[in-house]
Structures are given as structure tokens and as C-alpha cells.
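# A closer look at the structure
What follows is the residue order along each chain.
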Amino acid sequence: MSDKQPRYHRYGQPAGGWGSAAATAKVLIKQSVLAKGSRALLSMNQPGGFKCPSCAFPDPICHQRLEFCENGAKALAFEATRYRVTRDFFATHTVSELMEQSDYWLEMQGRLTEPMRYDAASDKYVPVSWNDAFALIAKHLRGLDSPHQADFYTSGRTLNETAFLYSVFVREFGTNNFPDCSNMCHEPTSRGLPPSIGIGKGTCTMVDFDQTEALFIIGQNTGSNSPRMMTNLVEARKRGIPIVAVNPMPERALIKFTAPQDVVQMATFQHTDIASEFVHIKIGGDLALFKGMMKVLFERDAAGEPVLDHAFIDEHTVGLEAVRQDALAQDWAEIVEHSGVSEAQIRRVAEIYIRSNATMLCYGMGLTQHQRGSELLQQACNLLFLRGNIGKPGAGIVPIRGHSNVQGDRTCGIDEQPPAALLDNIEKVFGFAPPREPGHHMLKAVEAMMRGETRVFFAMGGNFVRAIPDTERSYAAMRGLDLSVGVNTKLNRGHLVHAKDALILPVVARSEIIRTAKGEQVQSIEDMVAKVTTSRGVLEPASPDCMPEVEIICRMAMATLPASKTPWAEFAQDYALIRDWIAKVFPDIYSDFNEKLKDPDGFHLDVPPHRRVWPTPNGKANFLLLPGLHVNTPVADAAMLRLATVRSHDQFNTTIYSNDDRYRGVWGNRMVLFINEEDRKARGLENQQIVALETISTDGISRRVEGLTVLDYPISRGSVAGYYPELNPLLPLDYHDKISGTPAAKSIPVRIVV
Ligand code: SF4
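Residues numbered from 1 in each chain as written. Predicted model: local features only at pLDDT ≥ 70, side-chain atom pairs only at ≥ 80, totals over all residues. Heavy atoms only, no water.

## Examining the side chain of Glu 114
- Position of Glu 114 among the secondary structure elements: in the loop between strand 4 (111-112) and strand 5 (116-119).
- Taking the relative accessible area as the measure of exposure, Glu 114 reaches 13% and is therefore buried.
- Within the local environment of Glu 114, its side chain forms a polar contact with the side chain of Arg 87, the two groups lying 2.7 Å apart.
- Once residues within four sequence positions are removed from consideration, Glu 114 is found in contact with Arg 87, Pro 127, Ile 504, Pro 506 and Asp 545. (Helix = DSSP H or I, 4+ residues; strand = E, 2+ residues; numbered from the N terminus. Buried < 20%, exposed > 50% of the residue type's maximum accessible area, 1.4 Å probe, protein only. Polar contact = N/O pair within 3.5 Å; in protein donor to acceptor, adjacent residues only side chain to side chain. Contact = heavy atoms within 4.5 Å.)

Here is the structure:
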């Protein structure tokens, strides 16, 4: 697992294609599961099979024989790996030694096999029985002065049945402290969209991709973070549908792509040009772009052109006038300055938008991870309202969700600000009074840890300490707790940055079979278009001591709440019973849950704006104003650059599959800084020079990362990019979206230090 000599050169091939085919075979071989993995891949994302544990991109209307992408194959291979982290492994490595290893090295050690407890005397993890593990958790939780001294984290890998029981247990225990992984990415979607349209979910289904007349892909690297969506983009291009890609980085797959399952393209080394218009936006320039486009529409409307959908606006919306006045008042020179995009190109893009009668606006972190991320999404809604592009075929707003069941977790109750109706139903159905005060999301959880208020941290999956901002301060806070628990399939840094007492609990993986006294169990998942389908494992668990996530919740609940009347023991054996209770608590969206799941294609949850029904307080779609052109606080420092922390192509969240990022021309190094050649020269730097990066902040805390290789890259001027989690130390905890608390990780003000 040696790290090879770094290499940097432009990747000349299209994304996808033979590169993806080779990468898929390579990862199965690297994890020594060529036969086993290939067999399992035939069941991934297939009706009756298991859902990919990676991103949340939905299955197509018509399944292909192979329904996975290169990154789905990596996720499966790393889960199905032959490598094992056994008690012998822990006996030969102290935690301090393991801390010296890279995230990639830790990931490569393999699957966890039995529960382990931290032994401070030896600085090692030692085996512990499941019973003792639950007893320890119960002792710590029951020993707290208040249930609010515990935080319960949820990774998007957690499936619906688990998420529901987790939300019931934590509330029966007495708190709403639910930090979850979406707090780091799409929380602006969950908190920013409701004031505009009444719900924090996308309004499209997969059918809309076949009916759309224009696609906008904004701040999202489709080819690496939702690769199967490339199939829809290729199909759209074949239909002559314009695709406008807006990004500071000309991501390979947004430029040219070869569909690995297109035999002709593969055999002839052909590709499809994806973006018909690439908008090389400045980091944080999207607001100016939206206002420039709206200005064009309002000017042409004033000139009498039929460019606005007045019927939709009059019937369904309120608040247009303020938005019109604001857009018309914007100065073109300022719009161009803030967006980094020429007036001519903005007019061209507006023309594409006007010519389309059905437009889908898809977005990722490039829109959400800013200090005004939630309000920026509301501006995207404003733009869509102007031409009635919500609630009609081929049109709508499409958050590209990053983790497989992140949307399902929220729907099933993982919410630190639970609606009263949910709490009322939980009280009615379960007979206990749930806490009514809002709890912790990620930001509040870390702040409480830093203040020493939190004593216990329980993580259902994920790698919390590695994913959150202000790494050094967050590590210190986690180490100050009494107990930390990590429920995971693989070893990660979250197990090494631990509380005084710590547990590692190995869980049955998504691709693995769950058997209980009631037979084989099936779970369910909600994808990014609110479609609910089943997931059924096909592989034997990595170890007989791995436990299903549902059973872990139930046994923790029984140990912690011995007087509870909730049927935890029955739930642990019968997942259909869990779904019956989900239907009781969510009668409006999950009635007849088990019956509906019998359909191999699953079913869609209701998203009212899809039907032009707006569950907002005023029952309307709301034009909302965000004055000015800034989505981040301006910084008066000539040396300032805006840093976007990004994933490589060989990475899923904090899981590192290799130190390569071939689409961006990097092999064997993750400590790199992508910079525009002009910005590099302006600072007197050489390409591939080693530099440090420091945060420009006003809180008096020094944040610096050393050892970064500067790499020329066609990124927009004034913008630089590097990988998380390595650059998370540069991200101040208090640098976040105002409304949702999501870290503004796509626009950190930094300067280069040599
Ligand atoms: S697109 Fe996402 S969900 Fe689908 S196979 Fe790839 S990583 Fe998995």
C-alpha cells in the first residue's frame, strides 16, 4: 500500500470510457474480490438487489444489465474487501502509531470484525463483547446530568428503518441532538428551499430528465460525485438539449464523456461533448450570474417580449416586484466583476434559458457551501419561477444529493428541529413525551463539545471528526469527552481521535445479507428524487461478529432504557414491523409502506411543488430577495484567494480510494493546490512549488496547512482548490451559511505563504 511517486500531467482522455472500465477492474483486484465483487455488482441498484452505498443518484426508469458506475464499484469493492482489521491488528498498533497513517492507508486495512474498546493503559483497542459494549454505552448515557449532554450523529449510509428507530430512541432518551452528514453539504437545501417552495427536497423525478428542454449543472462535479447522471446528460445531448455547466473548474466529465456501456463509443474511442455552454464562474459568483440572467429577462419583458410565465407568476407566486427592482438596479460592470463572466455570455445563457419551455436546474456544493448558501438557493428558485419551471414536465430544482440515504434519514425523523406534528405523532404512537426544544446540528454539536457541555458522542457511521471544520480545535474537543462510539464497516480517523473511553462497533454492510429470527430482512432507501426502494444484501457479512445497524440501535435502547415500552426486541427481528410503525408516525407519506414496497420499482413520496402545491405558510411560491451580489463577506486583502475544498475522483466523502485524481491530472498526491497560472505568476511562484496556505480570519486563531504542491489548473481567477479533509484545518467553525450552519467550504478566504 505504498504511495507511488507523484505525477502531474493533463488527462487527455474523455471521462468515463476505458479509464472507468480499467479503474473498476483495478479496484476489484486491489481489494482481492474480482470474482466476488463482480458477482455482487450484478445486484447493485437492481430490483431485489442492494442499493449502492455511495451517492444518492436514482435508478433509471429502465434498468440496464449493469447499473453501477466506477465509483459505485469502488464503494462496493472497499466494502466487500478480503482485508480484515482483526484483534491481532489492533494488538500490534497503538492508536498513536495509527494516527501517523494516511486516511487512505487506514481505509486499506479492511473490514472491522468485532467490537473493540479503547484501553488507555496500552493506548490500544482491545476486544469487548457486544453485551459489555452496550452496557458501557448505557452506563455513560444514564450517568449524564442531562440527555442534552449526548450527541447522536447520522451518516447518510444509514437506511430508513434504522434512522426511524434511531430518531425514536434518541427522543425517548430525551434529546433532539441529531447532527448529521447533510449538515455539511445540503442543509441549505433542507432549510433554504422551504421558504421558497415549502419543502427541502428536489421537485423532479427521473422522467423529467427525458422531457427537459435545457439542463443547468451548477457547482457540481457530476462525473465524480453522481456518475450515473452522465447517462442522462449524454441522452440529453443526443436529443440536442443544451447543457449549461457553471463551475470554477472545467471538470472533465462536464466537457467530454464516453459512456462505458456504449459499445460503439468504446470500440471507436468516441465521446460525447457534454456542456454546450461552459460558464467559468468565479467562486461565489453565482448570485451575480442569477441576477444578470434575471436582469435580461426583466429587460426583455419590459420590452414586451413573452419571456416571463405571467400565468404561473400570478397564480402561484408572491414577491416578484422587489426581485424585479433589485435585478434591474444591478450594474452590468458589477455583475461581470462579481461573476467573472462576460455580459455577452450571461446574455447567451439567458437566451438558452428563454428558448427552453422546461428547464431543470441541478446543483451541488458549489451553491450550498457559502455564507449565504441557503439564500442563494432561493435566488435559483426566483429564476425558475420567472418561467414557471417548477411543477411541470421536464422542469424543476434538483439538489444532487451526495450520500445514498441522506434524504431518507431526514424524512424518517433525523432532524434537530423536528416539526410539532412529528413529535405529536411519536407521542401518540409510542406513548412517551418527546423533547420539544430544538437540538444540535453539526455546528452546535461541535460548539457544545468545545464548551465542554457534551460528554457522549455516538456516530451511526461516518467519520465525523474528519468531515467537520477547524480540525485541530475539533480534535481537541472530541478528546475531551467521556465516551465516543463509532459504528462503522471500516477503520477511520474518527476511531483514533476519540474520547477518554471509546468503542468501535462493526456493522453489517449495505451489500451484506441481514438474517434475523424472522428470516432475511430487507431495508429501504429514499433517493434524491424522493423515490423509495428496497435494499437487500447479497454477500455474507464480513464477520459473524458484525451486527446489523437496526439491532445495534435496538440493543442500545434496551440497555439504556430498560423501562421502555417500545418493542425494541421485536423491531430487531422484523423490519416489516418497523415499517408498519413508520406508517403510523408518518401516515401522510408512508401509509401502506410494506404494501407499496412490494413494487420492485418502489414508489415516490409526495413532493407537493411537483404538483404546484406550495406548503409554505402563505400557500404560495415565494420570490425572496437577497440584496447585493455577495454570497460571502468581502475580504479586503490583495493577497486573498477563495479556496474551494473538493473531492478527488478517487474519494467519497472522507473515504479515500487512492491518492490519484486522474481527471484533474494528479497521481500519487493529495497535498496539492490547484491555481490559475496567472494568479500563480502574479505571486512569483513556480508550478509544482511547495507552499503553505493560511486562512484569513478575524478570530485571532492561526490556521495553516503546510506542504502543498502548487499546480497550474484552468480554475477561474481568484479561486484555488484543494482536497478535504486535508484542508479542513483551514475552515473556521464559525465560517458557515447563516441559515443552516453548513460550513462555507467552497469559499474560504486564504493566502499563500512561502
Ligand atoms: S451514481 Fe452514485 S449511486 Fe449510482 S452507482 Fe455511482 S456512486 Fe453509486
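On we go from here.
## What to know about the pairing of strand 16 (residues 456-460)
- Taking burial as the measure, the 5 residues of strand 16 include 5 buried ones, the bulk of the element.
- Side chains of strand 16 alternate between two faces, with Val 456, Phe 458 and Met 460 and Phe 457 and Ala 459 buried alike.
- As defined by bridge partners, strand 7 (residues 150-154) adjoins strand 16 across 5 bridges and the pair is classed as parallel. Each bridged residue has a counterpart across the sheet, and for Phe 152 the counterpart in strand 16 is Phe 458.
- By the bridge criterion, 5 bridges tie strand 16 to strand 17 (residues 483-488) in an arrangement that is parallel. (Pairing = 2+ DSSP bridges.)

## Considerations on the site of the ligand
- Near the ligand the following residues occur: Asn 45, Cys 52, Ser 54, Cys 55, Phe 68, Cys 69, Gly 72, Pro 227 and Arg 228.
- Per-class residue counts for the shell around the ligand are 5 nonpolar, 3 polar and 1 charged. (Near = heavy atom within 4 Å. Nonpolar A, V, L, I, M, F, W, Y, C, P; charged D, E, K, R; others polar.)

## Section: the pairing of strand 30 (residues 690-695)
- In terms of burial, strand 30 is largely enclosed, as 5 of its 6 residues are buried.
- Note that strand 30 and strand 31 (residues 704-712) share 4 bridges and pair antiparallel. Paired with Glu 694 across the two strands is Arg 704, which belongs to strand 31.

## Details of the sheet that holds strand 29 (residues 672-675)
- One closed barrel accounts for 6 strands, arranged 25-32-29-31-30-33; its pairing is mixed. Direction aside, neighbouring strands of the sheet carry axes that sit 45° apart on average. (Axes fitted to C-alpha atoms, helices over the stretch in contact; angles between N-to-C directions.)

## Here's the deal with the domain arrangement of the protein
- Here the domain parsing of the protein yields domain 1 (11-80), domain 2 (84-183 + 406-596), domain 3 (187-404) and domain 4 (641-753).
- Contacts between the two partners involve 18 residues from domain 1, matched on the other side by 21 residues from domain 2.
- Together, the buried faces of domain 1 and domain 2 total about 1700 Å²; carbon and sulfur atoms form 59% of this surface.
- Three residues, Lys 51, Phe 78 and Glu 79, lead the burial of domain 1 against domain 2; their summed loss comes to 35% of the area buried on that side.
- Glu 79 is the salt-bridge partner of Arg 157, the closest N and O atoms lying 3.0 Å from each other.
- Linking domain 1 to domain 2 there are 11 residue pairs in polar contact (both at pLDDT 80 or more).
- Those elements that provide at least two residues to the side of domain 1 that touches domain 2 are helix 2 (34-41) and helix 3 (70-80).
- Per-element tally for the side of domain 1 that touches domain 2: the top contributor is helix 3, with 4 residues.
- A per-class count over the side of domain 1 that touches domain 2 returns 10 nonpolar, 4 polar and 4 charged. (Domains from an automatic or database assignment. Buried area = accessible area lost by both parts, 1.4 Å probe. Salt bridge = Lys/Arg side-chain N within 4 Å of Asp/Glu carboxyl O.)

## Quick notes on the packing of helix 1 (residues 17-30) against helix 3
- One can describe the packing of helix 1 onto helix 3 by two numbers: an axis separation of 9 Å at closest approach and a directional angle of 0°. Considering their axes alone, helix 1 and helix 3 lie roughly parallel with respect to each other. In this structure, helix 1 contributes Ser 20, Ala 23, Thr 24, Val 27, Leu 28 and Lys 30 to the contact, and helix 3 contributes Glu 70, Ala 73, Lys 74, Ala 77 and Phe 78.
- Residue classes in the contact of helix 1 with helix 3 are distributed as 6 nonpolar, 2 polar and 3 charged. (Parallel < 35°, antiparallel > 145°, perpendicular 65-115°, else oblique.)

## Examining the nonpolar core
- Core analysis: the biggest nonpolar cluster contains 117 residues, and Ile 137, Phe 164, Phe 169 and Phe 458 have the highest contact counts within it.
- Of the residues forming this core, the biggest block, 9 residues, is contributed by helix 15 (residues 286-302).
- Here this core spans two domains, since at least three of its residues come from each of domain 2 (84-183 + 406-596) and domain 3 (187-404).
- Membership of the second largest hydrophobic core comes to 52 residues, among which are Tyr 104, Met 108, Ala 236 and Leu 539. (Core = buried A, V, L, I, M, F, W, Y, C linked by side-chain atoms within 4.5 Å.)

## A closer look at unusual backbone geometry
- Cis peptide bonds are those with omega within 30 degrees of zero, and the linkage from Tyr 724 to Pro 725 qualifies with 5°.
- For Pro 725, the position within the fold is in the loop between strand 32 (719-723) and strand 33 (748-753).
- Backbone geometry places Arg 612, a non-glycine residue, at a positive phi of 60°.
- Relative to the helices and strands, Arg 612 is located in the loop between strand 23 (603-604) and strand 24 (621-622).
- One non-glycine residue, Gln 688, lies in the positive phi region at around 70°.
- The topology assignment puts Gln 688 in the loop between helix 33 (677-682) and strand 30.

## As for the sheet that holds strand 11 (residues 272-273)
- Taken in spatial order, the 3 strands of this open sheet run 2-10-11, and their pairing is mixed. The sheet is open, and its two edges are formed by strand 2 (15-16) and strand 11, each paired on a single side.
- Bridge count for strand 10 (residues 256-258) against strand 11 is 2 bridges, and the pairing is antiparallel. Bridging across to strand 11, Phe 257 finds its partner in Thr 272.

## Observations regarding the environment of Met 206
- Topologically, Met 206 is positioned in helix 10 (residues 206-211).
- In the structure, Met 206 is positioned 475 residues away from Lys 681 in sequence and 45 Å away in space, judged by C-alpha atoms.
- Beyond its immediate sequence surroundings of up to four residues, Met 206 is in contact with Phe 57, Pro 58, Asp 59, Pro 60, Ile 61, Asn 232 and Val 529.

## Things to note about the packing of aromatic side chains
- Taken as a whole and assessed by the stated rule, the structure comprises 36 aromatic pairs.
- Relative to Phe 173, the ring of Phe 152 has its centre 6.1 Å away and its plane inclined at 75°; by these criteria the two rings are edge-to-face. Taken together, the residues span a long stretch of sequence, with Phe 152 in strand 7 and Phe 173 in helix 8 (residues 160-173) at a distance of 21 residues. In this pair, the class of Phe 152 matches that of Phe 173, namely buried.
- Measuring from centroid to centroid gives 6.5 Å for Phe 586 and Tyr 590, while their planes differ by 75°, and the two rings are edge-to-face. Exposure class is identical for Phe 586 and Tyr 590. Each is buried.
- Lying across the ring of Trp 581, Lys 584 places its NZ or CZ 3.8 Å from the centre. (Phe/Tyr/Trp six-rings, centres within 6.5 Å; stacked < 30°, edge-to-face > 60°. Lys NZ or Arg CZ within 6 Å of the ring centre and 35° of its normal.)

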